[in-house]
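Chain and residue survey
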Amino acid sequence: MAIFYNKLFRDILSQLIIVVLLVLFLWYIITNLLYNIDHRGITTGFDFFNHVAGFGISETPIAYNDTKSTYFDAFLVGLINTLIVSGVGIIFASILGLLVGVARLSKNYIVSKVALAYIEFFRNIPLLLQILFWYNVVLATLPSPRQSLAFAASTFLNNRGLYIPKPLLQDSFNIVAIAIVLAFLIAIYFIRWANKRFEDTGKETTLWPWLIIIIIGLPLVVFNIVDTPVIIDNPALTGFNFSGGMRFSPEFLALAFALSIYTASLIAEAVRSGIEAVTKGQKEAAASLGLNGYQSLKLVVLPQAIRISIPPILGQYLNLIKNSSLATAIGYPEIVTVFSGTVLNQTGQAIEIITVTMAVYLTISLSVSLLLNIINKKLEIKER
Amino acid sequence: MAVYEIKAERPAPSNLRGPFHWMKENLFATPMDVIQTVVIFLFLFWIIPPFLDWAIFNASFLGDTKADATGTGANWIYIKEKLDMFIYGFYPEEEIYRVNIVFGLFFVTVIFFKYIARTFTQKAFIFLIYPLMAFVLIKGGYFGFVDIPTDKWGGLLLTLIIASVGIVISIPLGIVLALGRQSELPIIKNLSVIYIEFIRGVPIITMLFMGSVLLPLFFVDGVEVDKLLRALIVIIMIESAFIAEAVRGGLQSIPKGQYEAADSLGLGYWKKMIFVILPQALKVALPNLVGISIELFKDTSLVMIIGLFDLLSMVHLTSNDSNWLGMETEGYVFVTFVYWIICYTMSKYSMILEDRFNTNNK
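Residues numbered from 1 in each chain as written. Chains lettered and ligands numbered in written order. Predicted model: local features only at pLDDT ≥ 70, side-chain atom pairs only at ≥ 80, totals over all residues.

1. Overview of the overall build of chain B
Each helix and strand in chain B was counted, giving 13 helices and zero strands. Beginning at the N terminus, the succession of helices and strands in chain B can be written as α-α-α-α-α-α-α-α-α-α-α-α-α. By the compact-globule yardstick of 21 Å for 362 residues, chain B is too spread out, its C-alpha radius of gyration being 28 Å. Reported as C-alpha extents along the three principal axes, the dimensions of chain B are approximately 105 × 75 × 45 Å. Evaluated residue by residue, chain B yields a buried proportion of 28% over its 362 residues. Counting only contacts in chain B whose residues sit at least 6 apart along the sequence, the fraction spanning at least 24 positions is 63%. (Helix = DSSP H or I, 4+ residues; strand = E, 2+ residues; numbered from the N terminus. Rg over C-alpha atoms; globule rule 2.2 N^0.38 Å. Buried ≥ 20, exposed ≤ 12 C-beta atoms within 10 Å, placed from the backbone. Contact = placed C-beta atoms within 7 Å.)

Right, here's the structure in full:
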């Protein structure tokens, strides 16, 4: 049969076989699924979103009522909690990771070795173990509210969580907000002006002291002129517990802490490998052009290091967001705990709930990939 | 006319070697370095001595019960008494020797594989016979061994089973997926891309929930799928996608000339891949594969959330024993130590591999 040696025929045939197998597989699964749904009397559809949830959630960043709110509200609370803990984790992991990554390359022996020990220790231990350790060992052994550890500026740490002063923004704060925006606009204008002057005349302007004065000074002056823009609500011990202020629960603290510390060790590696990937020749070339240390770092090393470091760092951010789902082990009410946990147990609609949860994470992942592609395009070496 | 005079010899610089010079160069080179060094030493002094006091100097090692603890530090008697739980879970005590045989056979197998087996057939035979023997010994039900249901498996044994079965089965699947992603055939390529990106985009825990809640609905009513098997299916699904990405990295590093050379020799697709492309691509991908294996080994701890008794879950289980309440700290420190040793060894091994395979490109 000569036709079997025809490439086009073989390509089509092999793909056809795959498609047929896949269809058969899906058909088998779906018939079983439909049979099981029917047989076990499982309700289907997304109507449950409008039903009253009727369970309490310990941390609700948006309005949520135990007896009136719907499952959709519970879903939103979970989603927002996921975003909050991921955002906090990303900020602290970035700061810590950058610090450790740069320390790893320090010429100071002990600094570099301590950074190495940090990286090798934390990245070789399962994240779940770290979360459980912070939650069950460190935070659980903190003293009760009456003996809380007190820090400066009315900050208290005890086994109910961390209490910090809460700034309450008053109406007059709007004027301060306008001043902040204005300061940034002025700063941008100055930067543009300085760039244009540099391109036209080749003269550099020392701008940064002025920028700092504008960005910090202007809002500060306005803040002091305006009549009480912010009232500070300090936490205070009343009876057996604290009231007022802002409270971070032990669940939140353990999760944010573990996520930041674990991810920082991976970000540090990305930072280090980015800086190390810039070859020695580049630094020597910069030196031979007469650039000083700071100029060489700013104009030659960092632009190349950032190009190499950004993709793995964004990948770690994405991992951090996905890893925040481990919260379910300690009961922090993020989307997996609230939605794939409590809501699933109450409604029993596993198919819909797991699909929605996965869709949420897929949306986040795809957005990050999209962002990564845009950044890669921007950072791409422009060859002429 | 200039007169040149020979200058007197200067003595050799005295402080260019020895510990003091080293410290001056590496610890106290600049004022900033002095500050950093002092801060770090103070920090280490604050952390390390109390930990050593707790873990060693004030710790209790001798005795059989909680009351035997004499020191104010860690109570390692608890680990000693519960060691069987940490290693074997609820595996019946009188059958534990079977697991030990499996552990022992592992080293025998490695020795046979590395030094005694010569041909490919022999190696393949050893590679296939070990899992079979391990299964028969651990599960039982054949040759007079008592059948031990999988819910009795636990501890380090379960962690190692999940990790090794997962990795061994996922590697071929991952290679196939990676080839699919690089394929010229549009349907195969797109299916592979969708699968890989889907798995990489969702958290492992949602996949495990899917396995424990949805998977039973996919089978004919009445078929009870073992809990461990469900977890394994999910883990293999996840790992193969991650391995596919590592293999793709290797495939992309192979220059086009290799493909063309194989084509011009008249090799078909599979011969070209198996004999020309994959041996080179896997060599490049190997360090990454080990890295992914470490990640996945750590992630096996997640099966605790769907109710399997792996090494990590043993901390909670054993410290809930009424004779040993409040021993969680010791448990977590011990389990941390075990995980760290395994992962760190693997990561060092991947560095050795990287060095070994780098040489021919230098």
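Having seen it, we continue.
2. Some words on the interface of chain A and chain B
Contacts between the two partners involve 43 residues from chain A, matched on the other side by 40 residues from chain B. Elements supplying a minimum of two residues to the side of chain A that touches chain B: α1 (7-40), α3 (109-122), α4 (127-139), α10 (335-347) and α11 (350-379) of chain A. Split into classes, the residues belonging to the side of chain A that touches chain B amount to 26 nonpolar, 13 polar and four charged. (Nonpolar A, V, L, I, M, F, W, Y, C, P; charged D, E, K, R; others polar.)

3. Examining the sheet that holds strand β1 (residues 149-151) of chain A
All names here are of chain A. Reading across the sheet, the four strands line up as β1-β2-β3-β8 and stay open at both edges, with antiparallel pairing between neighbours. In this open sheet, the two edge strands, each paired with only one partner strand, are β1 and β8 (246-248). For this sheet, the mean inter-axis angle between neighbouring strands, taken without regard to orientation, is 20 degrees. Bridging between strand β2 (residues 155-158) and strand β3 (residues 161-164) involves three bridges; their strand directions are antiparallel. Bridge pairing in β3 places N158 opposite G161. (Pairing = 2+ DSSP bridges. Axes fitted to C-alpha atoms, helices over the stretch in contact; angles between N-to-C directions.)

4. Section: the packing of α11 of chain A against helix α8 (residues 204-214) of chain B
The interhelical angle for the contact between α11 of chain A and α8 of chain B, taken along N-to-C directions, is 165 degrees, at an axis separation of 11 Å. In terms of orientation, α11 of chain A and α8 of chain B fall into the roughly antiparallel class. Our pair here, α11 of chain A against α8 of chain B, has a crossing hand that is left-handed. Contacts from A350, I351, I354, T357, M358 and Y361 of chain A in α11 of chain A reach T206, F209, M210, V213 and L214 of chain B in α8 of chain B. (Parallel < 35°, antiparallel > 145°, perpendicular 65-115°, else oblique. Left-handed = near helix turned anticlockwise from the far one by under 90°.)

5. Topic: the domain arrangement of chain A
Domain annotation of chain A identifies domain 1 (2-41), domain 2 (71-165 + 234-379) and domain 3 (166-233). Relative to domain 3 of chain A, the C-alpha centre of domain 1 of chain A lies at a distance of 63 Å. (Domains from an automatic or database assignment.)

6. What about helix α5 (residues 120-139) of chain B?
An ideal rise of 1.5 Å per residue puts 28 Å on 20 residues; α5 of chain B measures up with 29 Å between its terminal C-alpha atoms. Looking one or two residues beyond α5 of chain B, the residue adopting positive phi is G140 of chain B, at roughly 75 degrees. (Expected span 1.5 Å × (residues − 1).)

7. As for the nonpolar core
Grouped together as the largest cluster of nonpolar side chains are 129 residues, with contacts concentrated most on I131, A254, L255 and A258 of chain A together with L208 of chain B. A total of 17 residues in this core trace back to one element, the largest contributor, which is helix α7 (residues 250-277) of chain A. In contact with A254 of chain A, not counting residues within four places along its chain, are I131, W134, Y135, L139 and I330 of chain A. (Core = buried A, V, L, I, M, F, W, Y, C linked by C-beta atoms within 7 Å.)

8. So, the domain arrangement of chain B
The domain architecture assigned to chain B consists of domain 1 (21-58), domain 2 (92-147) and domain 3 (160-355). The straight-line distance from the C-alpha centre of domain 1 of chain B to that of domain 2 of chain B is 48 Å.

9. A short note on the pairing of β2 of chain A
Residues and elements named next belong to chain A. Burial along β2 is one-sided: F156 and N158 are buried, and none of T155 and L157, which face the opposite way, are. Pairing analysis gives three bridges linking β1 to β2, with the strands arranged antiparallel. Residue pairing for β2: L149 is matched across the bridge by L157. Linking two consecutive strands that pair antiparallel, namely β2 and β3, is a turn of two residues.

10. Some points on the pairing of β3 of chain A
Sheet analysis places β3 of chain A next to β8 of chain A, joined by three bridges and oriented antiparallel. Of the residues in β8 of chain A, the one forming a bridge with I164 of chain A is M246 of chain A.

11. Quick word on the confidence of the model for chain B
Note: predicted coordinates in regions of low pLDDT should not be interpreted at a detailed level. In the predicted model, chain B carries a mean pLDDT of 84, and 97% of its residues have values of at least 70. The ipTM assigned to the predicted complex is 0.87, against a pTM of 0.86. (pLDDT = per-residue confidence, 0-100.)

12. Some points on the environment of I119 of chain A
By the secondary structure assignment, I119 of chain A is in helix α3. Discounting chain neighbours no more than four positions away, the residues touching I119 of chain A are V100, R104, S265, A268 and E269 of chain A.

13. Let's talk about the environment of T337 of chain A
Residue and element names in this part refer to chain A. Within the secondary structure layout, T337 lies in helix α10. The exposure class of T337 is buried, given the 24 C-beta atoms found within 10 Å. Each C-alpha atom of the pair T337 and L326 lies 8.7 Å from the other, and the pair is 11 residues apart in sequence.

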